[in-house]
Amino acid sequence: MRRAFTAVILALGIVFAAPAFAQIDCKLGEVVIKFSHVVPPRGHPKGDFARMLAERVNTEMNGRACMQVFPFSQLYDDEKVMEALILGDVQLAAPSLSKLEVYTNKYRLFDLPFLFEDMDAVQRFTASEKGQELLGVMSDFGVVGLGYLFDGLKHFSADKPLLVPSDGAGLKFRVQNSDVAVAMIEAMGASAQKLAFKEVYGALQLGVVDGQENSWSNIFTSRFFEVQDGITETNHQLLAYVVFAPKEWLESLEPDLREQFLTIFRETLVKANGQAAKTSEENRQRIVDAGYTVRELTPEQRQQWSDVMRPVWGEFEDEIGKDLIDAAEAANVTKNN
Ligand code: SIN
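Residues numbered from 1 in each chain as written. Predicted model: local features only at pLDDT ≥ 70, side-chain atom pairs only at ≥ 80, totals over all residues. Heavy atoms only, no water.

Trainee: Quick question: what am I supposed to make of the site of the ligand here?
Mentor: Around the ligand, a shell composed of Val38, Val39, Lys46, Asp78, Lys99, Arg174, Gln176, Phe197, Asn214, Asn218, Leu239 and Tyr241 is seen. Measuring from an oxygen atom of the ligand, one finds a side-chain N or O atom of Lys99 at 2.6 Å. Here an oxygen atom of the ligand sits 2.6 Å away from a polar atom, N or O, in the side chain of Tyr241. Relative to its unbound accessible surface of 260 Å², the ligand loses 100% to contact with the protein. Residue composition of the shell around the ligand, grouped by class: five nonpolar, three polar and four charged. (Near = heavy atom within 4 Å. Polar contact = N/O pair within 3.5 Å; in protein donor to acceptor, adjacent residues only side chain to side chain. Areas by Shrake-Rupley, 256 points an atom, 1.4 Å probe, with all protein chains shown as cover. Nonpolar A, V, L, I, M, F, W, Y, C, P; charged D, E, K, R; others polar.)

Right, here's the structure in full:
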């Protein structure tokens, strides 16, 4: 009954209100740069990046350019923001790479469970030639990948304790719009429901789904921990973004303006990526400090999760490319050489 009721709520598109967010007014003649995203404006790697970028653009480019940030899915959710970017309705977007499978299979690489051991490996791979090439895979759609923005690795939670994958059997987990994620959930004998980010809290609270998987920063800032039994520190999959801009818009800018914007952009991205791990750790600690349960796994327990989920790689290997998977995996061991 509760599920039927909540299915109606979701079908009607009723979502749980995010706080209002004041918007800066742009002046006549300024180039307007709109950045739409789905997370809070502060305390989250993507929110912090967007806010820091806007602060610099609006100070250093005042009179020539003006940046407006729309957090909390206020303008578009991730399922719609790429369409808006392609149409030029927004100038910057950084959807989770898991949500781009309608455009390309290549980013499915980043969804493969237990591919990266840690964020250092992610940084090594994305900085490599193959990683940098992947920034360009959306060019057929007229958008440019300006750089990777990192959140962190993901963790599972449910309305019951999860220590080994069989604990999740029979449960329903919210996933992003990703067939790799669906296969990963089904591998543990559970079922998956694709839901927009803005619907996750309500779906967990009302029991439309039993569990979810996300980064510490999303679990804390969107308060998923409040409506779950606890979080299991699985580090099973990456949550990362590429910041995209429409090619035509970028090329339409005066060369000096474009150069100034891209310089500020690159510097801010380096700064944001440099502080993402700390933000993630702080958000984990805030959940613990609030008295909620974080379950750490023994190496044997984590191995069980990996053994159950890694076989899904085989389903996606042809479309992603084995060379790419091998290159990403090799980034794990570089530090040991
Ligand atoms: C995000 O971090 O942008 C949202 C990810 C999600 O939908 O879980």
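There's plenty left to go through after this.
Trainee: In this structure, what is going on with helix H6 (residues 179-187)? I would like to understand it.
Mentor: A turn of α-helix holds 3.6 residues, and therefore any two residues three or four places apart point the same way. Looking at H6, one finds that the buried residues are Val180, Ala181, Val182, Ala183, Met184 and Ile185. Taken together, the buried residues of H6 touch strand E4 (143-158), strand E5 (172-175), strand E6 (191-194), strand E7 (211-215), helix H11 (299-309) and helix H12 (313-320). Its side-chain oxygen at 3.3 Å from the backbone nitrogen of Val180, Ser178 defines the N-terminal cap of H6. (Buried < 20%, exposed > 50% of the residue type's maximum accessible area, 1.4 Å probe, protein only. Helix = DSSP H or I, 4+ residues; strand = E, 2+ residues; numbered from the N terminus. Contact = heavy atoms within 4.5 Å.)

Trainee: Explain the packing of H12 against helix H13 (residues 322-330) to me, please; I cannot follow it from the model alone.
Mentor: Where H12 meets H13, the axes come as close as 7 Å, and the angle between the chain directions of the two elements is 115°. Taken together, the axes of H12 and H13 are roughly perpendicular relative to one another. Contact residues: Trp313, Glu317 and Ile320 in H12; Lys322, Leu324, Ile325 and Glu329 in H13. Residue composition of the contact of H12 with H13, by class: four nonpolar, no polar and three charged. (Axes fitted to C-alpha atoms, helices over the stretch in contact; angles between N-to-C directions. Parallel < 35°, antiparallel > 145°, perpendicular 65-115°, else oblique.)

Trainee: Even after reading the chapter, I still don't get the pattern of salt bridges, so can you show me in this structure?
Mentor: As enumerated under the stated definition, the model contains 25 salt bridges in all. Close ionic contact of Lys247 with Glu251 constitutes a salt bridge, the shortest N to O distance being 3.1 Å. A residue pair is termed a helical-turn pair when its members lie 3 or 4 positions apart in one helix, as Lys247 and Glu251 do in helix H9 (residues 247-252) at four residues. Put simply, Arg284 and Glu296 hold a salt bridge, and the shortest N to O gap is 3.1 Å. A residue pair is termed long-range when its members are at least 10 positions apart, and Arg284 in helix H10 (residues 255-289) and Glu296 in strand E10 (residues 294-296) qualify at 12 residues. By relative accessible area, which is 9% here, Arg284 ends up buried. Residue class for Glu296 comes out exposed when judged on its relative accessible area of 57%. In this structure, a network of salt bridges that share partners links the residues Glu101, Arg108, Asp179, Lys194 and Glu319. (Salt bridge = Lys/Arg side-chain N within 4 Å of Asp/Glu carboxyl O.)

Trainee: Sorry, what's going on with the confidence of the model for the chain here?
Mentor: Taken over all residues, the pLDDT of the chain has a mean of 93, while the share at 70 or more is 93%. Throughout residues 1-17 the model reports pLDDT below 50, and contacts reaching past four residues in sequence, or to other chains, amount to 22 contacts. (pLDDT = per-residue confidence, 0-100.)

Trainee: Can you help me understand the state of the cysteines in this one?
Mentor: Here a disulfide denotes a covalent bond joining the sulfur atom of one cysteine to the sulfur atom of another. Applying the stated criterion across every chain yields a total of one disulfide. Put simply, Cys26 and Cys66 are joined by a disulfide, and their sulfur atoms are 1.9 Å apart. Negative torsions about the S-S bond denote left-handed disulfides, and the value of about -70° found for Cys26 with Cys66 makes this one left-handed. Taken together, the residues Cys26 in the loop between helix H1 (2-11) and strand E1 (31-36) and Cys66 in strand E2 (residues 65-70) connect sequence positions 40 residues apart. Among the residues examined, Cys66 registers a relative accessible area of 2% and is labelled buried. (Disulfide = S-S within 2.5 Å.)

Trainee: Can you walk me through the nonpolar core in this structure?
Mentor: Nonpolar side chains in soluble globular proteins tend to be buried together. By size, the foremost hydrophobic cluster in this structure holds 40 residues, and its most contacted members are Tyr107, Leu109, Phe110, Leu112, Phe116, Phe125 and Phe244. Where this core is concerned, the elements lending two or more residues are helix H3 (78-86), helix H4 (119-127), E4, H6, strand E9 (238-246), H12 and H13. Grouped together as the second largest cluster of nonpolar side chains are 30 residues, Phe35, Val69, Leu92 and Leu253 included. (Core = buried A, V, L, I, M, F, W, Y, C linked by side-chain atoms within 4.5 Å.)

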